[in-house]
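Descriptive structure summary
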Amino acid sequence: MRGRLNDGRTTAVHDVHLTVDPDAGQLRFEPAADGAVRLEPWPLADVRVVERNGQGARLTVGGWEGARLQVGVEARDFLALHCPNLHRRPRARWSGGRVALWCLLAVVGLTGTLFVLLPRVAHQAALVLPASLERQLGASSERGMVSMLTLGGTPIRRCVAPTGQAALDRLGARLATAGGLAEAPRIAVLDSSIVNAFALPGHRVLLFSGLLDRAEGPSAIAGILGHEMGHVAHHDPTEALVRNAGLGLLVGVATGDLFGGSTAGIATLLLTRNAYSREAERAADGFALTTLAAAGIESLPLARFYRRIGREAAASGALVPSLLSTHPDPGDRQARVEREGHDGAPAMDDKDWQALLRICDKQAPDEP
Amino acid sequence: MTLAADTPLAVPLSEPAPPSGPVRFMDRGGLFGLLVKNAVLTLVTFGIYRFWARAALRRYWWGSIVVAGDPLEYTGTGLELFIGFLMFLGIMLPFGLVYGLTALLQHANPIIGGLLRLVEGLGFFVLIQFVTFRARRYRLSRTLWRGVRASQGGSSWAYLRLVIGWTLLSAITLGIAYPWARIATTRYLMDRTALGDLEARFEGRGSDLILAWIVPYVIFAGSIVLLITLKIDTTKEAKPSPGIFLVGLGYLTWLFGLLVYFLIELRYTIRKTRFGEVQIGSLLSVGGLIARIVGFGIAAWLVLVVAMVAIIGLFMGLGGVHAGAGASQTLSIIASVVAFVIAFGLFNILRIFWIDRAIVRQICDTMSMTNVDRLDRIGQSTAPMPSAGEGMADAFDIGAF
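About the criteria used
- Residues numbered from 1 in each chain as written.
- Chains lettered and ligands numbered in written order.
- Predicted model: local features only at pLDDT ≥ 70, side-chain atom pairs only at ≥ 80, totals over all residues.
- Helix = DSSP H or I, 4+ residues; strand = E, 2+ residues; numbered from the N terminus.
- Contact = placed C-beta atoms within 7 Å.
- Buried ≥ 20, exposed ≤ 12 C-beta atoms within 10 Å, placed from the backbone.
- pLDDT = per-residue confidence, 0-100.
- Pairing = 2+ DSSP bridges.
- Domains from an automatic or database assignment.
- Expected span 1.5 Å × (residues − 1).
- Axes fitted to C-alpha atoms, helices over the stretch in contact; angles between N-to-C directions.
- Parallel < 35°, antiparallel > 145°, perpendicular 65-115°, else oblique.
- Nonpolar A, V, L, I, M, F, W, Y, C, P; charged D, E, K, R; others polar.
- Left-handed = near helix turned anticlockwise from the far one by under 90°.

Further remarks concern the overall build of chain B. Within chain B, the secondary structure is distributed over eleven helices and ten strands. Nonlocal contacts in chain B, meaning residues at least 24 apart in sequence, comprise 70% of its contacts between residues at least 6 apart.

Assigned secondary structure in chain A consists of twelve helices and twelve strands. Within the span of chain A, comprising 368 residues, buried residues form 45% of the whole. Considering only contacts in chain A between residues 6 or more positions apart, those separated by 24 or more positions represent 62%.

Residues and elements named next belong to chain B. Per-residue confidence for chain B gives a mean pLDDT of 80, with 77% of residues at or over 70. With pLDDT under 50 throughout, residues 395–401 is counted as low confidence; its partners more than four residues away or in other chains account for 18 contacts. For this predicted complex, the interface confidence score (ipTM) comes to 0.75, while the overall pTM stands at 0.73.

Right, let's get into the pairing of strand β10 (residues 197–200) of chain A. All names here are of chain A. Of the two faces of β10, the one holding Ala-197 and Ala-199 and the one holding Phe-198 and Leu-200 are both buried throughout. Where β10 lies against strand β11 (residues 204–208), four bridges are found, and the strand directions are antiparallel. Paired with Phe-198 across the bridge in β11 is Leu-206. Joining the antiparallel neighbours β10 and β11 is a turn of three residues, in which Gly-202 adopts a positive phi near 75°.

Residues of chain A with pLDDT of at least 70 account for 84%, and the chain-wide mean is 80. Averaged over each element, pLDDT in chain A is lowest for helix α8 (residues 261–272) of chain A (52) and highest for helix α4 (residues 162–179) of chain A (92).

Residue and element names in this part refer to chain B. Here Phe-296 shows up in helix α9 (residues 286–321). What makes Phe-296 partly exposed here is the crowd of 16 C-beta atoms within 10 Å. As a C-alpha pair, Phe-296 and Leu-350 span 54 residues in sequence and 9.2 Å in three-dimensional space. Phe-296 has contacts with Arg-351, Trp-354 and Ile-355, leaving out every residue within four places of it along the chain.

You can read the domains of chain A as domain 1 (2–80), domain 2 (97–128) and domain 3 (131–365). For domain 1 of chain A versus domain 2 of chain A, the distance between C-alpha centres works out to 50 Å.

For Glu-216 of chain A, which is not a glycine, the phi torsion comes out positive at approximately 60°. Following the sequence through the fold, Glu-216 of chain A ends up in the loop between α5 (209–214) and α6 (218–233). Of the residues examined, Glu-216 of chain A has 12 C-beta atoms within 10 Å and is grouped as exposed. Its identity is not glycine, yet Arg-146 of chain B carries a phi of approximately 50°, on the positive side.

Looking now at the pairing of strand β7 (residues 198–202) of chain B. Residues and elements named next belong to chain B. As paired elements, strand β6 (residues 193–195) and β7 share two bridges and run antiparallel to each other. Bridge pairing in β7 links Leu-195 to Leu-198. Where β7 lies against strand β8 (residues 273–275), three bridges are found, and the strand directions are antiparallel. Each residue of the ladder has a partner; that of Phe-202, found in β8, is Thr-273.

A word on helix α2 (residues 50–64) of chain B. When the terminal C-alpha atoms of α2 of chain B are compared, their 21 Å separation across 15 residues agrees well with the 21 Å that a helix rising 1.5 Å per residue should span. Listed in full, the buried residues belonging to α2 of chain B are Arg-50, Phe-51, Ala-53, Arg-54, Ala-55, Arg-58, Trp-62 and Ser-64 of chain B.

Let us look at the sheet that holds β6 of chain B. Residue and element names in this part refer to chain B. The antiparallel open sheet is built from ten strands, whose spatial order is β1-β2-β3-β4-β5-β6-β7-β8-β9-β10. Each of the sheet's edge strands pairs with one partner strand only, and the pair in question is β1 (23–25) and β10 (367–369). Put simply, the sheet's adjacent strands are angled 30° from each other on average, direction ignored. Pairing of β8 with strand β9 (residues 278–282), which is carried by two bridges, proceeds in the antiparallel orientation. Residue Phe-275 lies in a different strand from β9, and its bridge partner there is Val-278. Running at roughly 170° to strand β5 (residues 148–152), helix α4 (residues 110–141) makes contact with β4 (143–145), β5 and β6 of the sheet.

A separate point is helix α9 (residues 278–295) of chain A. All names here are of chain A. Its 18 residues place the ends of α9 26 Å apart at the C-alpha level, agreeing with the 26 Å of an ideal helix rising 1.5 Å per residue. Buried within α9 we find Glu-281, Ala-284, Asp-285, Phe-287, Ala-288, Leu-289, Thr-291 and Leu-292. Trailing α9 by a residue or two, Gly-296 shows a phi angle of about 70°, which is positive.

Residue and element names in this part refer to chain B. Their axes nearest at 9 Å, the elements helix α5 (residues 156–172) and helix α6 (residues 178–190) cross at an angle of 170°. Here α6 runs roughly antiparallel to α5, going by the angle between their axes. Contact residues: α5 offers Tyr-159, Leu-162, Val-163, Trp-166, Thr-167, Leu-169 and Ser-170, while α6 offers Tyr-178, Ala-181, Ala-184, Thr-185 and Tyr-188. The residue inventory of the contact of α5 with α6, partitioned by class, reads nine nonpolar, three polar and no charged.

Our focus in this paragraph is the environment of Leu-289 of chain B. Residue and element names in this part refer to chain B. Structurally, Leu-289 can be placed in helix α9. Sequence separation between Leu-289 and Ile-363 is 74 residues, and the spatial gap between their C-alpha atoms is 9.9 Å. Discounting residues that sit within four places of it in the chain, Leu-289 has contacts with Leu-263, Ile-359 and Gln-362.

Now for the sheet that holds β11 of chain A. Across a sheet, paired strands are connected by hydrogen bonds in the backbone, their directions being either parallel or antiparallel. Residue and element names in this part refer to chain A. Ordered in space as β10-β11-β9-β8-β12, the five strands form an open sheet in which the pairing is mixed. The sheet terminates laterally at β10 and β12 (363–365), the two strands that pair on one side only. The average undirected angle you get between the axes of adjacent strands in this sheet is 35°. Where α6 meets the sheet, it contacts β10 and β11, and its direction lies at approximately 25° from that of β10.

Residue and element names in this part refer to chain A. Viewed as axis vectors pointing N to C, α6 and α9 meet at an angle of 125°, and their least axial separation amounts to 7 Å. The orientation of α6 with respect to α9, classified from their angle, is oblique. Relative to α9, the crossing made by α6 is right-handed. Only Ala-283, Ala-284, Asp-285, Phe-287, Ala-288, Thr-291 and Leu-292 of α9 make contact with α6, whose side of the interface consists of Ala-222, Gly-223, Gly-226, His-227, Met-229, Gly-230, His-231 and Ala-233. A per-class count over the contact of α6 with α9 returns eight nonpolar, six polar and one charged.

Now for the environment of Phe-256 of chain B. Among the structural elements, Phe-256 of chain B can be located in helix α8 (residues 242–271). The sequence separation of Phe-256 of chain B and Pro-216 of chain B amounts to 40 residues, and the corresponding C-alpha distance is 8.0 Å.

Here it is, written out as structure tokens:
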């Protein structure tokens, strides 16, 4: 039995005859050439396979840095009978405890950043950001959302029929006054079958025409606008934007794709799911209810709308993006609107409502 | 030495024919399967497997490079890389938050945001140098040949000072000093590199590379001058004018020239390196590699264009249907993200399989050595071993191997 031995002290190659001494528990080496150096035997129990390869296997011995023995297939199979730990992994340089410690630290750091640091930073940032900056952020996130939805093929266009937009702006101004907002938000209707609405930074609200088609009356629209204005009043969109930017970056760091496309993609994806916290959603609902009440608008149509959409979402599965898909407990919210809601007048007269329904008769590219 | 008293257990040795040159690339096989396995596992583990993938790939590369009859061995593990990454997370998380916030600020206040970006950019530059140095030291410490370990000494701070100094000098001289800067950093690294107790020396001079550098430099400067004299505003020009094509051609030629320069510099670095009395030489054919790289680039580009056309066509079809409330749009967005990930992964696999392997094979097979028998008398390294892997380098994607 022969092999090529490197003793780990020098690069000299020793062509050796191998003998197994089971009694002494040793693998011994006798130089094949004359006049060669003495070679220390290996304890059989410490012999390990580094790697199986085309010629057979490369072996090492525990506790002996760099010692290597290349043997043929037959020698490998023979040694397997005598070396009990041949296929056990060489001991890692890192003990399990230290690995666990570092993993724990990383998990603590990551969750701490995600759930404590990032939300706080985002909340503070949203409060101190100047209005001009918020406006620009709003414009850029609207642009991002439009281009993201355009990814599906057909470009998204804005609905601009003047009488419909005027009716919508009148309703918006009325709600803003009732809710105590400093300025009326810029409300834009985008032509899409998506049943959803978004609040964006800088006093912007986006409505998709799918929502108008499914609202069954102006008061539900007023309720949804009130909800989105609640987000606007509480700076939720700006906060979410800051949080998502940080989150996208964290994901980039964790997946090793720091400057790659996935970071930007995830940030945009998160942007379109207006995933506010449960508290933020409750607060926005509360804002909608008090605003509707102050404006003298009926709130029961909003409850009916929530119920209808909730049923459809449950029936069609979670893939359909709807008002409720990112909002917790649709049943809760509907119950709350029913409980705390007030009677009142419809949000618009029939003429205005019909004009709003036809707002997509005239379309233009969206220019945020 | 005493033999076992019983019958000696003799098994014949099945020895392969040793390769002819001092350095040979002897493909261990199974690269394609390994790459596919790595890509799939990395994808399904959301990137966590990439450390183990990288270690497995390095075992392939190292094990395929045979020096004087014996292959290199990579002894690093995925676990070490993973721990290095965990350590790096601690530094990166707060930095990442600040970076993300300034990105937002830049939208509103381009001047302050831009300045902050500049400072962060410099911070990244410093970090990258630091990381490059440490990654190289880690990889060398995990390189074994005939049981003897390689190493790199020096200090990352000294290296950082050197790089910053030479980068400033390159900037002041408008890039003309670049080859000297490259040579100086290579010399710093090489002169501190050793295999066991056999120390490397690098004897290159920047002036030897200036000719290879000045050609792409002149092309680049020429296209800049052309851009200014033709007053081409790339942002406003609606119709492409002949000037734009000319400038575009200039850029392409410049990129090509850079590729040629880096291959020439690589060959020069090999030729000017010696380990003790062992002088390394190289007969690397730059033209052959260029043809292969450019060919692959053109083929990949063509495939990409065809795929894009097909995907867009598919989405046009999907987008027209409008089934359900926006469901088709969500689906097509998900589909395009998935298609992008798959295409990117496939491109990487093919690039490594066709280009990286060809480059490594060419470099190895054209290498020569004097005094090869000196390689039999190298003693074990006494250099300390870094215990954790190159976590930061992972985040910056430094070191393809």
